[in-house]
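# Results of the structural survey
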Amino acid sequence: MVQSGLLFLFTFFFREMVRGKIQMKRIENATSRQVTFSKRRNGLLKKAYELSVLCDAEVALIIFSQKGRLFDFASSEYVLCILFYAMVLCIVFTRFKY
(Lines give C-alpha, C1' and ligand atoms only; values in the text may rest on other atoms or scores of the structure.)
Protein backbone atom coordinates (compact mmCIF):
# COMPACT_ATOMS: atom_id res chain seq x y z
CA MET A 1 0.00 0.00 0.00
CA VAL A 2 2.80 2.42 0.85
CA GLN A 3 4.71 1.49 -2.32
CA SER A 4 1.70 2.23 -4.53
CA GLY A 5 1.27 5.61 -2.83
CA LEU A 6 4.92 6.47 -3.45
CA LEU A 7 4.61 5.36 -7.05
CA PHE A 8 1.57 7.60 -7.46
CA LEU A 9 3.43 10.61 -6.03
CA PHE A 10 6.46 9.89 -8.21
CA THR A 11 4.42 9.70 -11.41
CA PHE A 12 2.29 12.70 -10.44
CA PHE A 13 5.24 15.04 -9.85
CA PHE A 14 7.40 13.91 -12.74
CA ARG A 15 4.57 13.87 -15.26
CA GLU A 16 4.37 17.65 -14.89
CA MET A 17 8.07 18.06 -15.72
CA VAL A 18 7.88 16.45 -19.18
CA ARG A 19 8.20 18.86 -22.09
CA GLY A 20 5.09 19.20 -24.17
CA LYS A 21 5.04 19.22 -27.95
CA ILE A 22 4.94 22.61 -29.61
CA GLN A 23 2.87 23.50 -32.62
CA MET A 24 4.85 24.15 -35.77
CA LYS A 25 3.65 27.61 -36.67
CA ARG A 26 5.23 31.04 -36.97
CA ILE A 27 5.98 32.77 -33.67
CA GLU A 28 4.13 36.08 -33.81
CA ASN A 29 6.10 37.91 -31.08
CA ALA A 30 9.26 39.30 -32.74
CA THR A 31 11.38 39.11 -29.57
CA SER A 32 10.38 35.51 -28.86
CA ARG A 33 10.98 34.60 -32.51
CA GLN A 34 14.51 36.07 -32.41
CA VAL A 35 15.36 34.29 -29.14
CA THR A 36 14.05 30.99 -30.51
CA PHE A 37 16.00 31.46 -33.75
CA SER A 38 19.21 32.16 -31.85
CA LYS A 39 18.85 29.13 -29.56
CA ARG A 40 17.90 26.75 -32.35
CA ARG A 41 20.64 28.09 -34.64
CA ASN A 42 23.26 27.45 -31.98
CA GLY A 43 21.85 23.98 -31.34
CA LEU A 44 21.89 23.17 -35.05
CA LEU A 45 25.49 24.37 -35.42
CA LYS A 46 26.48 22.25 -32.41
CA LYS A 47 24.79 19.17 -33.88
CA ALA A 48 26.56 19.70 -37.21
CA TYR A 49 29.91 19.87 -35.40
CA GLU A 50 29.12 16.77 -33.32
CA LEU A 51 28.09 14.83 -36.43
CA SER A 52 31.34 15.72 -38.18
CA VAL A 53 33.48 14.70 -35.19
CA LEU A 54 31.67 11.57 -34.02
CA CYS A 55 30.94 10.08 -37.44
CA ASP A 56 33.90 11.50 -39.37
CA ALA A 57 31.42 13.03 -41.81
CA GLU A 58 31.88 15.96 -44.14
CA VAL A 59 29.25 18.49 -43.04
CA ALA A 60 28.29 21.88 -44.49
CA LEU A 61 25.54 24.07 -43.06
CA ILE A 62 24.20 27.42 -44.28
CA ILE A 63 21.64 29.43 -42.28
CA PHE A 64 20.15 32.77 -43.32
CA SER A 65 18.37 34.85 -40.70
CA GLN A 66 15.20 36.79 -41.37
CA LYS A 67 17.29 39.94 -41.90
CA GLY A 68 19.58 38.13 -44.35
CA ARG A 69 22.50 37.56 -42.01
CA LEU A 70 24.54 34.49 -42.87
CA PHE A 71 25.68 31.75 -40.47
CA ASP A 72 27.71 28.81 -41.71
CA PHE A 73 29.64 25.74 -40.64
CA ALA A 74 32.09 23.58 -42.59
CA SER A 75 33.85 20.53 -41.22
CA SER A 76 36.93 20.75 -43.48
CA GLU A 77 38.71 22.94 -46.03
CA TYR A 78 37.21 20.93 -48.90
CA VAL A 79 33.68 21.42 -47.61
CA LEU A 80 34.46 25.08 -46.88
CA CYS A 81 35.24 25.62 -50.57
CA ILE A 82 31.95 24.02 -51.64
CA LEU A 83 30.13 25.99 -48.96
CA PHE A 84 31.61 29.25 -50.25
CA TYR A 85 30.32 28.65 -53.79
CA ALA A 86 26.93 27.58 -52.46
CA MET A 87 26.68 30.79 -50.44
CA VAL A 88 27.58 32.88 -53.48
CA LEU A 89 24.81 31.17 -55.46
CA CYS A 90 22.33 31.70 -52.62
CA ILE A 91 23.18 35.39 -52.43
CA VAL A 92 22.94 35.84 -56.21
CA PHE A 93 19.56 34.10 -56.43
CA THR A 94 18.08 36.00 -53.46
CA ARG A 95 19.23 39.40 -54.73
CA PHE A 96 18.18 38.92 -58.35
CA LYS A 97 14.72 37.40 -58.42
CA TYR A 98 13.43 36.54 -61.87
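None of these values were measured; they are calculated from a predicted model. (Residues numbered from 1 in each chain as written. Predicted model: local features only at pLDDT ≥ 70, side-chain atom pairs only at ≥ 80, totals over all residues. Heavy atoms only, no water.)

For Cys81, the position within the fold is in helix 3 (residues 77-95). The class of Cys81 is partly exposed, set by a relative accessible area of 41%. Along the chain, Cys81 and Ala60 lie 21 residues apart, while their C-alpha atoms are 10.0 Å from each other. (Helix = DSSP H or I, 4+ residues; strand = E, 2+ residues; numbered from the N terminus. Buried < 20%, exposed > 50% of the residue type's maximum accessible area, 1.4 Å probe, protein only.)

A few words now on the packing of aromatic side chains. Considering all chains together, one arrives at three aromatic pairs under this definition. Where Tyr49 meets Phe73, the ring centres are 6.5 Å apart and the plane angle is 85°; that geometry is what we call edge-to-face. Of the two residues, Tyr49 is situated in helix 2 (residues 30-54) and Phe73 in strand 2 (residues 70-74); the sequence distance between them amounts to 24 residues. Exposure remark for Tyr49: the relative accessible area of 49% places this residue in the partly exposed category. Classification of Phe73 as buried rests on a relative accessible area of 16%. Each ring, one from Phe84 and one from Tyr85, has its centre 5.4 Å from the other, and the planes form 70°; the classification is edge-to-face. On the basis of relative accessibility, which here comes to 46%, the residue Phe84 falls in the partly exposed class. Exposure remark for Tyr85: the relative accessible area of 53% places this residue in the exposed category. Over the ring of Phe71 we find Arg41; its NZ or CZ atom is 4.2 Å from the centre of that ring. (Phe/Tyr/Trp six-rings, centres within 6.5 Å; stacked < 30°, edge-to-face > 60°. Lys NZ or Arg CZ within 6 Å of the ring centre and 35° of its normal.)

Keep in mind these values describe shape, not function.
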